[in-house]
Amino acid sequence: MKAFLQTLFISPCLLFISACSEHNIFEPTAPQTSLSGDSNYVPQQVLISEILADPKSDGVEFIEIYNHSDQIIDLRSLEITTVNSSGKRNRLHQVSKESVYLYPGSYKVLSKDSQILQEHYPSQVPQSFQSMETFPTLTNTQGAVLLFRNEQLVDSLSYHEKMHDAFIKNPKGVSLERVDFNTPTNIPGNFISAAANHGYATPGYQNSQALNQDTQSYGVYLINKKFAPEKEDNLELHIGFEKGGKMANVSVYSSSGISVKKLLSNHRLGTRNLVNWDGTDDQGKPVPSGVYYVYTELYSSIGQRESFKEACLLLR
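Looking now at the overall build of the chain. What the chain contains, in helices and strands, is three helices and 20 strands. Sequence-distant contacts in the chain: of pairs separated by 6 or more residues, those separated by 24 or more amount to 61%. About 15400 Å² of surface is accessible on the chain, with carbon and sulfur atoms providing 48% of the total.

The structure is reproduced here in structure tokens:
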């Protein structure tokens with residue numbers, strides 16, 4: 001089993017060339033991905049973007065795909081399957097029997113029941129959900145997903161529960177999100193745990209851990225340092241990074257150093273985060289006008305730790 005996963009992770013295409021010969025299917029023609037992450041990597045038009053292999057007890061598994069091209073892709077041309085623990089490829093499942101289009105820069109969430117999925121993860125893009133007539137079974141702890149287009153392998157993801165952040169003790173209901181579409185799928189760190197403020201999954205829209213190339217959004221700062229809650233004006237704290245994977249504690253203290261409100265506690269962050277304070281304490285009671293301090297502590301599973309402090313003025 002261990003040898004199989006190592007082979008799949010290091011060189012997916014080599015494994016599937018062998019599997020194709022054994023099962024008499026077309027040999028994949030997609031460029032072989034490299035773990036070096038060099039500039040020779042050319043992404044395919046459609047890629048695996050997110051996967052939920054271990055859903056909530058009453059939820060469903062899903063695979064999200066993304067159109068990384070300027071062409072319209074018909075879902076009828078796509079098929080997905082999995083590889084079992086012995087290295088044998090399971091049967092192909094056609095994504096759609098009818099023409100359904102995946103437009104450039106858009107996502108489609110594949111599952112056996114879109115209605116259940118939307119109930120668990122409400123989305124502003126309902127048309128991005130696609131129920132399949134048959135859907136492959138995803139093993140919870142480890143496995144591989146293969147994406148075919150016109151019977152040719154275009155992307156593959158080897159996943160393992162240890163790809164989740166060490167601070168996530170129970171990955172049930174937590175998806176693995178792709179960080180960068182221009183990096184080979186199986187590069188270590190290109191799929192990480194989704195952020196908490198998105199419900200630990202982002203089916204149908206941009207991943208919470210997507211690479212953030214807006215350098216002006218990097219950092220921890222208050223968007224407004226004066227706010228009036230009675231005028232529906234909340235305090236907004238921005239936390240942004242190029243890459244995600246950090247955890248956060250955010251608390252509000254009075255000018256005399258008394259703890260007023262805990263806004264975040266051991267919270268899994270994404271690359272773009274907005275934290276609000278409505279001017280109430282931990283019991284939900286309004287606090288009086290005055291100067292307050294927002295303390296932010298960031299940390300990661302590899303031992304990185306940073307802290308920030310900013311003052312704000314609450315007006316009643």
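This is not the end of the story, as more comes after the structure.
This part is about the side chain of glutamine 209. Note that glutamine 209 resides in the loop between β12 (191-193) and β13 (219-222). A polar contact is formed between the side chain of glutamine 209 and the backbone oxygen of leucine 269, at a distance of 2.9 Å.

Once that is clear, we can look at the side chain of glutamine 130. With respect to the helices and strands, the residue glutamine 130 is situated in strand β8 (residues 129-131). Given the relative accessible area of 12%, glutamine 130 is considered buried. The contact partners of glutamine 130, leaving out residues within four places of it in the chain, are Leu75, Val95, Ser96, Val100, Val109, Leu110, Ser111 and Ser114.

Another point: the sheet that holds strand β4 (residues 78-83). Judged by pairing direction, the sheet is antiparallel, and its four strands sit side by side in the order β5-β4-β9-β10 without closing on themselves. Looking at which strands have only one partner, the edges of the open sheet turn out to be β5 (93-94) and β10 (152-160). Here β4 pairs with strand β9 (residues 142-149) via six bridges, running antiparallel. When the sheet's bridge partners are listed, threonine 82 is paired in β9 with valine 145.

What follows is about the confidence of the model for the chain. Taken residue by residue, the chain gives an average pLDDT of 87. The fraction at 70 or more is 87%. A low-confidence stretch, residues 1-36 (pLDDT under 50), is modelled with 62 contacts involving residues beyond four sequence positions or located in other chains.

Turning our eyes to something else, we now look at the packing of aromatic side chains. Scanning the model with the defined rule gives seven aromatic pairs in all. For the ring pair phenylalanine 62 and tyrosine 121, a centre distance of 6.4 Å and an interplane angle of 75° mean the geometry is edge-to-face. Placement of phenylalanine 62 in strand β2 (residues 62-67) and of tyrosine 121 in the loop between α3 (114-120) and β8 is noted, with a sequence separation of 59 residues between them. Residues tyrosine 66 and phenylalanine 181 carry aromatic rings whose centres are separated by 4.1 Å and whose planes lie at 15° to one another, so their mutual orientation is stacked. Taken as a pair, tyrosine 66 in strand β2 and phenylalanine 181 in the loop between β11 (176-178) and β12 lie far apart in primary sequence, 115 residues in all. Like phenylalanine 181, tyrosine 66 is buried. Put simply, the rings of Tyr66, Tyr107 and Phe181 pair up and form one aromatic cluster.

Calculation rules
- Residues numbered from 1 in each chain as written.
- Predicted model: local features only at pLDDT ≥ 70, side-chain atom pairs only at ≥ 80, totals over all residues.
- Heavy atoms only, no water.
- Helix = DSSP H or I, 4+ residues; strand = E, 2+ residues; numbered from the N terminus.
- Contact = heavy atoms within 4.5 Å.
- Areas by Shrake-Rupley, 256 points an atom, 1.4 Å probe, with all protein chains shown as cover.
- Polar contact = N/O pair within 3.5 Å; in protein donor to acceptor, adjacent residues only side chain to side chain.
- Buried < 20%, exposed > 50% of the residue type's maximum accessible area, 1.4 Å probe, protein only.
- Pairing = 2+ DSSP bridges.
- pLDDT = per-residue confidence, 0-100.
- Phe/Tyr/Trp six-rings, centres within 6.5 Å; stacked < 30°, edge-to-face > 60°.

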